[in-house]
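Commentary on secondary and tertiary structure
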Amino acid sequence: MPHVAFLGLGAIGRPMAVRLANAPGVTLTVWNRTRDKAERFAKEHDARAADSPADAARTADVVITCFAVSADVDSVLDGPDGLLAGMRRGTTLVDCTSGDPNSSRRIAGRLDGLGIAFLDAPVSGGTSGAEQGTLTVMVGGDAAVLARVRPVLEPFGTKIVHCGAVGAGDALKSVNNALLAVHVWSAAEGLAALAKAGVRPDVALDVINASSGRSNASMNLFPERVLTRAFPRTFRLALLAKDAGIAAAVAREQKVPAPLLQLTADLFRIAHTSLGEEADHVEAVRLVEQWAGQEIA
Ligand code: NDP
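Owing to the predicted nature of the structure, the values given are computational and were not obtained by experimental measurement.

Criteria and cut-off values
- Residues numbered from 1 in each chain as written.
- Predicted model: local features only at pLDDT ≥ 70, side-chain atom pairs only at ≥ 80, totals over all residues.
- Heavy atoms only, no water.
- 1 Å grid on protein atoms, 1.4 Å probe; cavity = no way out; pocket = protein on both sides within 12 Å on 5 of 7 lines; lining within 4 Å.
- Points joined across faces, edges and corners; volume = space filled by probe spheres on them.
- Helix = DSSP H or I, 4+ residues; strand = E, 2+ residues; numbered from the N terminus.
- Nonpolar A, V, L, I, M, F, W, Y, C, P; charged D, E, K, R; others polar.
- Domains from an automatic or database assignment.
- Buried < 20%, exposed > 50% of the residue type's maximum accessible area, 1.4 Å probe, protein only.
- Pairing = 2+ DSSP bridges.
- Right-handed = clockwise from strand over helix to strand, strands pointing away.
- Core = buried A, V, L, I, M, F, W, Y, C linked by side-chain atoms within 4.5 Å.
- Contact = heavy atoms within 4.5 Å.
- Salt bridge = Lys/Arg side-chain N within 4 Å of Asp/Glu carboxyl O.
- Near = heavy atom within 4 Å.
- Polar contact = N/O pair within 3.5 Å; in protein donor to acceptor, adjacent residues only side chain to side chain.
- Areas by Shrake-Rupley, 256 points an atom, 1.4 Å probe, with all protein chains shown as cover.
- Buried area = accessible area lost by both parts, 1.4 Å probe.

Turning our eyes to something else, we now look at the layout of surface pockets. Take a probe with the size of a water molecule and roll it over the atoms, and the empty space left behind shows itself. In this structure, the largest pocket spans a volume of roughly 1500 Å³. Lining of the largest pocket is provided by 48 residues; of these, Ala11, Ile12, Thr234, Phe235 and Leu239 occupy positions nearest its centre. Put simply, the parts of the chain that give the lining of the largest pocket at least two residues each are helix 4 (70-75), strand 7 (123-124), helix 7 (126-132), helix 9 (168-196), helix 11 (216-226) and helix 12 (237-253). A per-element tally of the lining of the largest pocket places helix 11 first, with 6 residues. For the lining of the largest pocket, the per-class residue count stands at 15 nonpolar, 21 polar and 12 charged. Taken domain by domain, the lining of the largest pocket gets at least three of its residues from each of domain 1 (3-166) and domain 2 (171-292).

Across the 5 residues that make up strand 2 (residues 27-31), a large majority, 4, are buried. Of the strand pairs in this sheet, strand 1 (residues 3-7) and strand 2 are connected by 5 bridges, and their pairing is parallel. Bridge pairing in strand 2 links Ala5 to Thr29. The parallel pair strand 1 and strand 2, bridged by helix 1 (residues 13-22), forms a crossover whose chirality is right-handed. Bridge count for strand 2 against strand 3 (residues 48-49) is 2 bridges, and the pairing is parallel. Looking across to strand 3, one finds that Val30 is bridged to Ala49.

One non-glycine residue with positive phi stands out, namely Arg229, at about 60°. Structurally, the position occupied by Arg229 is in the loop between helix 11 and helix 12.

Moving on, we get to the nonpolar core. By size, the foremost hydrophobic cluster in this structure holds 36 residues, and its most contacted members are Phe6, Leu28 and Ile64. Of all the secondary-structure elements, those providing two or more residues to this core are strand 1, helix 1, strand 2, helix 2 (35-44), strand 4 (62-65), strand 6 (117-120), strand 8 (135-140) and helix 8 (143-153). Setting aside residues up to four positions removed in sequence, Leu28 forms contacts with Val4, Phe6, Ala17, Leu20, Ala21, Phe41, Asp46, Ala47 and Arg48. In terms of nonpolar packing, the next biggest core, distinct from the first, is built from 28 residues, Leu180, Leu205, Val282 and Val285 among them.

Let us now look at the pattern of salt bridges. A full pass over the atoms with the stated rule returns 17 salt bridges. Between Asp51 and Arg35 there is a salt bridge, with its nearest N and O atoms 3.2 Å apart. Taken together, the residues Asp51 in the loop between strand 3 and helix 3 (53-58) and Arg35 in helix 2 connect sequence positions 16 residues apart. Arg35 gets classed as partly exposed once you look at its relative accessible area, which sits at 35%. Arg233 serves as the salt-bridge partner of Glu283, at 3.0 Å between the closest nitrogen and oxygen. Residue Glu283 is located in the loop between helix 13 (259-275) and helix 14 (284-292), and its partner Arg233 is located in the loop between helix 11 and helix 12; the two are separated by 50 residues in the primary sequence. On the basis of relative accessibility, which here comes to 55%, the residue Arg233 falls in the exposed class. Through salt bridges with shared partners, a single network forms among Arg35, Glu39 and Asp51.

Around the ligand there are 28 residues in total, and Asn32, Thr34, Lys37, Ala68 and Thr234 lie nearest to it. Between the ligand and Leu9, the relevant distance is 3.3 Å, taken from an oxygen atom to a main-chain nitrogen or oxygen of the residue. The side chain of Asn32 places a nitrogen or oxygen atom 2.7 Å from an oxygen atom of the ligand. Contact with the protein chains removes 89% of the 900 Å² of surface that the ligand exposes when unbound. Counting only elements with at least two residues in the shell around the ligand, the list comes to helix 4, helix 7 and helix 12. Of the residues belonging to the shell around the ligand, the class tally is 11 nonpolar, 11 polar and 6 charged.

The next subject is the environment of Leu237. Here Leu237 lies in helix 12. Counting along the chain gives 20 residues from Leu237 to Ala217, while the straight-line C-alpha distance between them is 15 Å. Once you skip the residues sitting within four places of it in the chain, Leu237 turns out to touch Phe268, Ala271, His272, Leu275, Ala279, Asp280, His281 and Ala284.

Turning our eyes to something else, we now look at the domain arrangement of the protein. Per the domain assignment, the segments making up the protein are domain 1 (3-166) and domain 2 (171-292). The C-alpha-based centres of domain 1 and domain 2 are spaced at 28 Å. A combined buried area of about 920 Å² lies between domain 1 and domain 2, and 63% of that area is made up of carbon and sulfur atoms. In terms of surface lost to domain 2, no three residues of domain 1 exceed Ser98, Pro101 and Met138, which account for 38% of the buried area on that side. Joining domain 1 to domain 2, the criterion identifies 0 salt bridges. One can count 4 residue pairs in polar contact (both at pLDDT 80 or more) joining domain 1 with domain 2. Among the secondary structure elements, those contributing two or more residues to the side of domain 1 that touches domain 2 are helix 6 (101-112) and strand 7.

Pasting the structure below:
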């Protein structure tokens, strides 16, 4: 197994890195912008905390980044402490950020000139999937590069799929998450309307989940997070709004009329602005409830 550097110990990056730390034969270095998270990680797991992206990359055959947005990847590339100061020819950057395809293509082009391979490899399955190592990994880039680095992705991913050229993983991930956003929002509108019409949300979900309107939102998110009013913070609304925006942009660039994707991107941007940086994605339901004057409980 190669030496791996993992950068970005956020809500999903951290459990992914834990899986790598626990994988037999992996030598792991971690880096995080807020340094104490990396230091804590190194105390608790078999890993070294690096001082900078360059320091993390210096010994790595594969560097994995998992930041909020593609611009964060750009921001760690350059300068004396940047990734490019540490990465060697023949190494690979695997970006697990749910990024935007155009940024990934631009970054891949830059790295190609330096003899460094790039894969966009966003993940799906949530923080619990990361903890269990059951994420889906959607990969864009050279299939031969993926074949080489696949063993490094297997500790956290069970379904690792080559989706096409660089940017294909990002594009697919954005559409997947736009569907999630549509399902959360439309279920909230429907359940609020039913509650006002006198149908209890638990009864409505029981029927919908045995019928053709069911989704992951109706089957899992609403029963576990909305009806209970638990709203755990596992995936920030800001990030889902970003994904919905990317999906709408992909459709626009491909000249596919996509009014529903655009509306979804707009609604989630409004929800993000209204509910703030730390709100979870399912808390978008709170805005629907506010507009409806009806709690879904
Ligand atoms: P978080 O907001 O929890 O963490 C973001 C991470 O990126 C932190 O480590 C943060 O560092 C780092 N970061 C942010 N900006 C910069 C920057 N400019 N330079 C360096 N580091 C930076 O996000 P998640 O872990 O939830 O998500 C990461 C990616 O995975 C996102 O693209 C998201 O859409 C995707 N994703 C998330 C899922 C989830 O369930 N959470 C599920 C599937 C995909 P710091 O600690 O200093 O803030």
